[in-house]
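Examination of the molecular architecture
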Amino acid sequence: MLPFRSILFPVDYSDASKALAPWVAQMANQFNTSLTLLHAYSPDFLAYADLAPQFVELSAYSRQFEENRLREFARASFPGRPVDTIATLGDPAAVIESVMEHQGADLIMLPTHGRGPARRLLLGSVTTKVLHHVSAAVWTAANTVLSATPASPPQSILSIVDDTGESEVILRAAAALAAEFRARLRLATVVLLPQPSRGLDFEQYYQMLRSAATERLRELKGRLNIDVPFSVLEGPVSREVHDEAVRHKADLIVAGRGSSQDTFAAFSSGLYDVIREAPCPVLSI
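Overview of the structure. Residue numbers here run from 1 along each chain, matching the order of that chain's written sequence. Only residues with pLDDT of 70 or above have their local features reported here, since the model is predicted, and side-chain atom pairs are shown and tallied only from 80 upward, although totals for entire chains, interfaces and linings are computed over all residues. Processing note: side-chain calculations cover all non-hydrogen atoms of the structure and skip hydrogens and water entirely.

Topologically, Thr127 is positioned in helix α4 (residues 125-133). Should any heavy atoms of two residues lie within 4.5 Å, those residues are considered in contact. In this structure, Thr127 is in contact with Leu110, Pro111, Thr112 and Thr140, ignoring residues within four places of it in sequence. The helix count covers DSSP runs of H or I at least four residues long, the strand count covers runs of E at least two residues long, and both are numbered beginning at the N terminus.

This is how it looks when you write it as structure tokens:
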């Protein structure tokens, strides 16, 4: 997975996309990657399909307009840097998946931006689909993070692992990034403790869970020969990860997406909630 060699940056010309551009440039410069900008535009001209024979001409005009617009965005956002551009008709998530399948990329960078009344409850549909369907690493951040924080190399990285087989891959990636950026690295896991019942003493069971989690982290560190401080957190995943990131001034959170990448795995890992609530960008692998 590392070092990254190719970055795909889906662009929709929103304020979030514009705010993300410096972060993309920083990552591309750090790893000296190739960079491709992708824009999927909607078939608005199909509303005029009954006006044929102008239909073909209108379609070609729309495609040329979008290609020129994306090239101009690339020139303005990445001056002096070679950038490939792809503007194509289709659903954004489907287009991203298709480009990944045929051209590949190590890293996709995009904002979360959920829209509408549910934006505080859900990630944007494009982000959700990309996290669900694409196997490449995905770097994403909430709009508030992009607008409030200038792009700069991370100085503090928080790696979140669980008790699945992904943990080794996650920690290796986080350690490689920390070495690349000369950043501090911290490891954490979240233990979900059951709610106590009246008349029952759960403390011994809680202590067993804490001890097991602590031993897993020590064993993981020893197996990979990565000596970093760690924390065993207790409570809702998104809240605990947010608070731990704030406590240690994390600039980047590295997490997994569930080895099977099915809907249940993504939700059970709490990744969507973590991304939505994180005070910094999240790299999911």
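The subject of this paragraph is the nonpolar core. By nonpolar core is meant a set of buried Ala, Val, Leu, Ile, Met, Phe, Trp, Tyr and Cys residues that side-chain atoms within 4.5 Å join together. Exposed residues in this analysis have more than 50% of their type's maximum accessible area, buried residues have under 20%, and partly exposed residues fall in between, with area computed by a 1.4 Å probe over protein chains only. In terms of nonpolar packing, the biggest core is built from 49 residues, with Phe9, Leu37, Leu107, Trp139, Ile157, Leu177 and Leu283 touching the most fellow members. Examining the composition of this core, we find that eight residues originate from one element, helix α1 (residues 15-31), more than from any other. Apart from the residues lying within four places of it in its own chain, the contact partners of Leu177 are Leu2, Phe4, Phe31, Ile157, Leu252, Val254 and Leu283. Core analysis: the next-biggest nonpolar cluster, separate from the first, contains 34 residues, Leu38, Leu110, Ala188 and Ala278 among them.

What follows deals with the pattern of salt bridges. Pairing of side chains with opposite charge becomes possible as their charged atoms draw close. Put simply, a salt bridge is a Lys or Arg side-chain nitrogen that is within 4 Å of an Asp or Glu carboxyl oxygen. Counted under the stated rule, the structure contains eleven salt bridges. Among the salt bridges present, the one from Glu168 reaches Arg172, with a minimum N-O distance of 3.4 Å. Here Glu168 pairs with Arg172, and both are found in helix α6 (residues 166-181), just four residues apart, close to one helical turn. Relative accessible area serves as the criterion here: at 27%, Glu168 is assigned to the partly exposed category.

This paragraph deals with the packing of α6 against helix α7 (residues 203-224). In helix packing, the relevant descriptors are the interaxial angle and the interaxial distance, both defined with respect to the helix axes. Simply put, an axis is a line fit to the C-alpha atoms, just over the touching stretch for a helix, and the angle between two N-to-C directions goes from 0 to 180 degrees. Relative orientation of the contacting elements α6 and α7 amounts to 60°, with a least axis distance of 11 Å. By the angle between their axes, α6 is oblique relative to α7. In this structure, α6 meets α7 at a crossing whose hand is right-handed. Across the interface between the two elements, Ser167, Glu168, Leu171 and Arg172 from α6 touch Leu220, Arg223 and Leu224 from α7. Nonpolar residues are Ala, Val, Leu, Ile, Met, Phe, Trp, Tyr, Cys and Pro. Charged residues are Asp, Glu, Lys and Arg, and all others, Gly as well, are polar. The residue makeup of the contact of α6 with α7, split by class, is three nonpolar, one polar and three charged. Oblique is the label for any angle not covered by the other classes, which are roughly parallel (under 35 degrees), roughly antiparallel (over 145) and roughly perpendicular (65 to 115). Two helices cross in a left-handed way if the nearer one is turned anticlockwise from the farther one by less than a right angle. They cross in a right-handed way if the turn is clockwise.

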